[in-house]
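Architecture and fold: a report
Each chain, letter by letter, is given below.
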Amino acid sequence: MSSSQQATENSGDAAGPPDASPLSFGIDWWAMLGDPNYLTDPYPELKRIRELAPIHYDGVSGIYFVPGYREFAMIAKTPLMGRDTRFWASGWSSPENQLRDPQTYELFTEFQPQMINANPPHHRRMRGVYEKAFRPGDMVRYLPMIEAECRRLLDRLPADQPFDFMTAFANPLPHRISLQLFGIPMEMDEPIAEWIAALSWLGNIVMTSEQKRAAQRAQTEFKAFVRSHLRALRDEPGDGFVALSLAAAEAGVMDEEETVNNVVMLISGSRTTLTLLGNGMLTLLQHPDQFARLRANPGLMRPAIEEMLRYEPGSSLIPRAGIKEFRCGDAVIPEGSLAIGLVGAINRDPALFDIPDVFDIGRRPNAQAAFGGGPHVCIGKALARMTAQVAFTALMNRFDRIELAGKPVWWTDRSDQRGLQSLPLLMREA
């Protein structure tokens, strides 16, 4: 979804019921989603919203907000709603927005051709190129590489000295793994990190003109690099993700623009793992009984990671656009409307989770929605889980004491992702 779809300016074009709809509760969604206090701790407000209703309608933008787990699952799975936001009648691709905001239209038109933005059958066509390689059994081949990258970063962490966990470990680890998967030289680490950071604004609710310009520059430069990189490896692509991309392009499964955009998207997916590492570490430190329990029972690592994803998900907003009218519970979402799942509320819905505000690393079952749901569930979820398992295990084995060394700082300049700007830690080796 984007940002600069100028939701608050599109009220005249909004599809859906009027402000007097029983789905409207007088919530100023745009003030809330931009409020630093909410972005630092959204859960009390999300709980209040979910208790009012599982689906809300915003008369200003015509957008439906979905805090209920059951309703989100219905929206994520139905073929009547999809990920292609060109079906959003008053969104970025509307004729009105093309005239009003050509910068946004151009930006998203270039970003559009990739699996994450496609509906069937094009989504399945592109996703099928990479899906098997991302299955847990196939990802195991990369385990030694992930462990080696983890050790390299751990060896650089200062013992008995405060440092920022995000800068020193959580940010670089998944990024370096992504570069390795696509055979990219490590000297490209910094420029690609900058491009990913700029492109990450494309999922936010509101973008400034400067952020749009930065995203456009990043998109142009990143795509040019990927084209050059794929050409350079055409004769010797190896047997990994580059080979899959080139083979699909050669066979006509994806055209050149789709091939380049999907590679950019897959490399940029490292942000999913960095939020898991940062949010997960902070959550463990805020629940020392559960951290001690995990140290004493390493076999709980897998359910612990699922609980980190549920309790402090890195994804905050998951959009779907109405292809046809869809009845969802007591609500009817009209064709051409946009619905947004509120992950922080969905993951703490008591209709599915017992005592949802309690962090329990042994929680089972745990059908958390941090990776989305339905056909568009995150393709890289196995990689994120495996990286987190390696990282937390290595950290606990290397350091017998890990503690906060200052106040963590959450991102407060974006509403679509929940992550830490900084996490000051002090560690002591075992």
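Values in this document were obtained by computation on a predicted structure and should not be read as measured data. (Residues numbered from 1 in each chain as written. Predicted model: local features only at pLDDT ≥ 70, side-chain atom pairs only at ≥ 80, totals over all residues. Heavy atoms only, no water.)

So, the overall build of the protein
Heads up, the condition is: Put simply, DSSP H or I for four residues or longer makes a helix, DSSP E for two residues or longer makes a strand, and each gets a number counted from the N terminus. Atoms counted for the radius of gyration: C-alpha only. Globule rule: 2.2 Å times residue count to the power 0.38. The buried label goes to any residue with under 20% of its type's maximum accessible area, the exposed label to any with over 50%, and the partly exposed label to all in between, with areas taken from a 1.4 Å probe on protein chains only. By the convention used here, residues are in contact when the closest approach between their heavy atoms is within 4.5 Å. The accessible surface values rely on the Shrake-Rupley method and a 1.4 Å probe; as for residues, cover is taken only from the protein chains in view. Positive charges come from Lys and Arg alone, negative charges from Asp and Glu alone, with His and the N- and C-terminal ends not counted. All charge positions are set by atom: Lys at NZ, Arg at CZ, Asp at CG, Glu at CD.
Helices and strands together make up the secondary structure of the protein, namely 20 helices and twelve strands. For a compact globule of 430 residues, the expected C-alpha radius of gyration is about 22 Å, and the protein comes in at 21 Å, within 12% of that figure. Considering only C-alpha atoms, the protein reaches an extent of 60 × 55 × 40 Å along its principal axes. Here the protein holds 430 residues, and the buried ones make up 58% of them. If you take every contact in the protein between residues at least 6 apart in sequence, the share linking residues at least 24 apart comes to 75%. Carbon and sulfur atoms make up 53% of the accessible area of the protein, which amounts to about 17900 Å² in all. When the 44 basic and 52 acidic side-chain charges of the protein are each reduced to a single mean position, those positions are 5 Å apart.

Concerning the pairing of strand β8 (residues 338-342)
Put simply, the rule is: Two strands are counted as paired when DSSP detects at least two bridges linking them.
With respect to burial, β8 is a largely interior element, five of its five residues being buried. Alternating residues of β8 divide into L338, I340 and L342 and A339 and G341, and every residue in both groups is buried. Judged from the four bridges that link them, strand β2 (residues 63-66) and β8 form a sheet pairing that is parallel. Bridging from a neighbouring strand, V66 pairs with G341 of β8.

Some details on the pairing of strand β12 (residues 424-429)
Here strand β4 (residues 163-164) runs beside β12; their pairing, made up of two bridges, is antiparallel. Each residue of the ladder has a partner; that of F163, found in β12, is L425. The pairing of strand β9 (residues 399-404) with β12 spans five bridges and is antiparallel. When the bridges of β12 are listed, F399 appears paired with E429.

A few points about the packing of helix α11 (residues 172-181) against helix α20 (residues 381-398)
Rules: For helices, the fitted line uses only the C-alpha atoms of the stretch in contact; every axis is such a line through C-alpha atoms, and the angle between N-to-C directions lies from 0 to 180 degrees. Oblique is the label for every angle not falling under 35 degrees (roughly parallel), over 145 degrees (roughly antiparallel), or within 65 to 115 degrees (roughly perpendicular). When the near helix sits turned anticlockwise from the far one by under a right angle, the crossing is termed left-handed; a clockwise turn instead gives a right-handed crossing.
At a closest axis distance of 11 Å, the pairing of α11 and α20 adopts a crossing angle of 125°. In terms of their interaxial angle, α11 and α20 are classed as oblique. Both α11 and α20 take part in a crossing whose hand is right-handed. Judged by residue contacts, L173, I177 and L181 of α11 engage L383, T387 and A391 from α20.

A look at the sheet that holds β4
Read from one edge of the open sheet, three strands run β4-β12-β9, paired in antiparallel fashion. Edge positions in the sheet fall to β4 and β9, since each has one partner strand and no second. Sheet strands touched by helix α16 (residues 270-286): β9 and β12. Its angle to β9, the strand with the most contacts, is close to 90°. Most of the contacts of α20 go to β9, to which it runs at about 105°, and overall it touches β9 and β12.

Examining the pattern of salt bridges
We apply this condition: Each reported salt bridge corresponds to a side-chain nitrogen of Lys or Arg within 4 Å of a carboxyl oxygen of Asp or Glu.
The full count for this structure, using the stated rule, is 29 salt bridges. The partner of E149 in a salt bridge is R152, with the nearest N and O atoms 3.0 Å apart. Linking E149 with R152, this pair stays in helix α9 (residues 143-156), spanning three residues, or about one helical turn. A relative accessible area of 40% means that R152 is categorised as partly exposed. A salt bridge links R227 to E256; the nearest nitrogen and oxygen atoms lie 3.1 Å apart. With R227 in helix α13 (residues 209-232) and E256 in helix α15 (residues 256-268), this residue pair connects regions lying 29 residues apart in the sequence.

Let's talk about the environment of R152
As a reminder, the rule being used: Each polar contact in these results corresponds to two N or O atoms within 3.5 Å; when the atoms are within protein, one needs to be able to donate a hydrogen and the other to accept it, and residues that are neighboring in sequence are counted only if both atoms are side-chain atoms.
Measuring from C-alpha to C-alpha, the distance between R152 and L284 comes to 23 Å, with 132 residues separating the pair along the chain. At 3.0 Å, the side chain of R152 and the side chain of E149 are in polar contact.

Some remarks on the side chain of T259
Tracing the backbone shows T259 in helix α15. Its relative accessible area of 3% is what places T259 among the buried residues. Of the polar contacts made by the side chain of T259, one reaches the backbone oxygen of D255; its length is 2.8 Å. Apart from the residues within four sequence positions on either side, T259 is in contact with L230, S245, A249 and M254.

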